[in-house]
Amino acid sequence: LALVCLEEDDEEDVAAKLLAHGNLLARAKPPGDRGATTLCIAPRCKSLRDFSVFDRICEDLDSAIDQSKVQLAPFHPQWRFNRLDRPNATLQEVPA
């Protein structure tokens, strides 16, 4: 697991850095050909706190990154599973 902390404070600059990092990962060969995980955070980019901005950037990155080699798995504190706001909602594990 690699952790990358981006210093940029503009969402377009963050997106450019993430795209560059994704392209770097697409060219890399992880040990044992098992894959690798990188967690990127952008604590200074206040506009990404708005879920709609975050979602738009993720959609743009998804279409720009080579999905056959790099998979974007976005996380945002405002994201919720569908219908988890109900008191009796449960998560179901899906068999692989």
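Heads up: these notes are all about the structure in this document. Model, not experiment: these values are computed from the prediction.

In this section: the overall build of the protein. Along the protein, the regular secondary structure elements total two helices and two strands. Element order for the protein, N to C, with α for helix and β for strand: β-α-β-α. Put simply, of all contacts in the protein between residues at least 6 apart along the chain, 65% involve residues at least 24 apart.

One pass over the structure, following the stated rule, counts one aromatic pair. Here Phe51 and Phe54 contribute two aromatic rings whose centre-to-centre distance is 6.2 Å and whose plane-to-plane angle is 35°, an arrangement assigned as tilted. Note that Phe51 and Phe54 are positioned in helix α2 (residues 51-64) at a spacing of three residues, about one turn of the helix.

Helix length check: α2 (14 residues) gives 20 Å between terminal C-alpha atoms against 20 Å at 1.5 Å per residue, within 8%. Of all the residues in α2, the buried ones are Val53, Phe54, Ile57, Cys58 and Leu61. For α2, the angular spread of buried residues about the axis comes to 130°, placing them on one side. Structural note: α2 exposes Glu59 and Ser63 on the side pointing more than 90 degrees away from its buried face.

This part takes up the state of the cysteines. By definition, a disulfide links two cysteine residues through a covalent bond between their sulfur atoms. Applying the stated criterion across every chain yields a total of zero disulfides. Cys40 takes part in no disulfide bond, and the closest cysteine sulfur to it belongs to Cys5, at a distance of 9.7 Å. For Cys40, a relative accessible area of 27% puts it in the partly exposed group.

What follows covers the packing of helix α1 (residues 11-27) against α2. Contact pair α1 / α2: the axes reach a minimum separation of 10 Å and the direction vectors enclose 30°. With respect to α2, the element α1 is oriented roughly parallel. α1 and α2 meet at a crossing whose hand is right-handed. Contacts between α1 and α2 pair Glu11, Glu12, Ala15, Leu18 and Leu19 from the former with Val53, Arg56, Ile57, Leu61 and Ala64 from the latter. Taken together, the residues of the contact of α1 with α2 sort by class into seven nonpolar, no polar and three charged.

Attention shifts here to the pattern of salt bridges. As enumerated under the stated definition, the model contains five salt bridges in all. Across the pair Glu7 and Arg44 runs a salt bridge, and its minimum N-O distance is 2.6 Å. With a gap of 37 residues between them, Glu7 in the loop between β1 (2-5) and α1 and Arg44 in the loop between β2 (38-41) and α2 connect regions that are remote in the sequence. Look at the salt bridges and you will find they share partners, linking Glu11, Glu12, Arg56 and Asp60 into a network.

Moving on, we come to the nonpolar core. Counting residues in hydrophobic clusters, the biggest one holds 13 residues, and the most contacted among them are Val14, Leu48 and Ile57. Put simply, the parts of the chain that give this core at least two residues each are α1 and α2. Those residues in contact with Val14, other than ones at most four positions away along the chain, are Leu6, Glu8, Ala42, Cys45 and Leu48.

What counts, and at which threshold
- Residues numbered from 1 in each chain as written.
- Predicted model: local features only at pLDDT ≥ 70, side-chain atom pairs only at ≥ 80, totals over all residues.
- Heavy atoms only, no water.
- Helix = DSSP H or I, 4+ residues; strand = E, 2+ residues; numbered from the N terminus.
- Contact = heavy atoms within 4.5 Å.
- Phe/Tyr/Trp six-rings, centres within 6.5 Å; stacked < 30°, edge-to-face > 60°.
- Expected span 1.5 Å × (residues − 1).
- Buried < 20%, exposed > 50% of the residue type's maximum accessible area, 1.4 Å probe, protein only.
- Arc of directions from axis to C-beta.
- Disulfide = S-S within 2.5 Å.
- Axes fitted to C-alpha atoms, helices over the stretch in contact; angles between N-to-C directions.
- Parallel < 35°, antiparallel > 145°, perpendicular 65-115°, else oblique.
- Left-handed = near helix turned anticlockwise from the far one by under 90°.
- Nonpolar A, V, L, I, M, F, W, Y, C, P; charged D, E, K, R; others polar.
- Salt bridge = Lys/Arg side-chain N within 4 Å of Asp/Glu carboxyl O.
- Core = buried A, V, L, I, M, F, W, Y, C linked by side-chain atoms within 4.5 Å.

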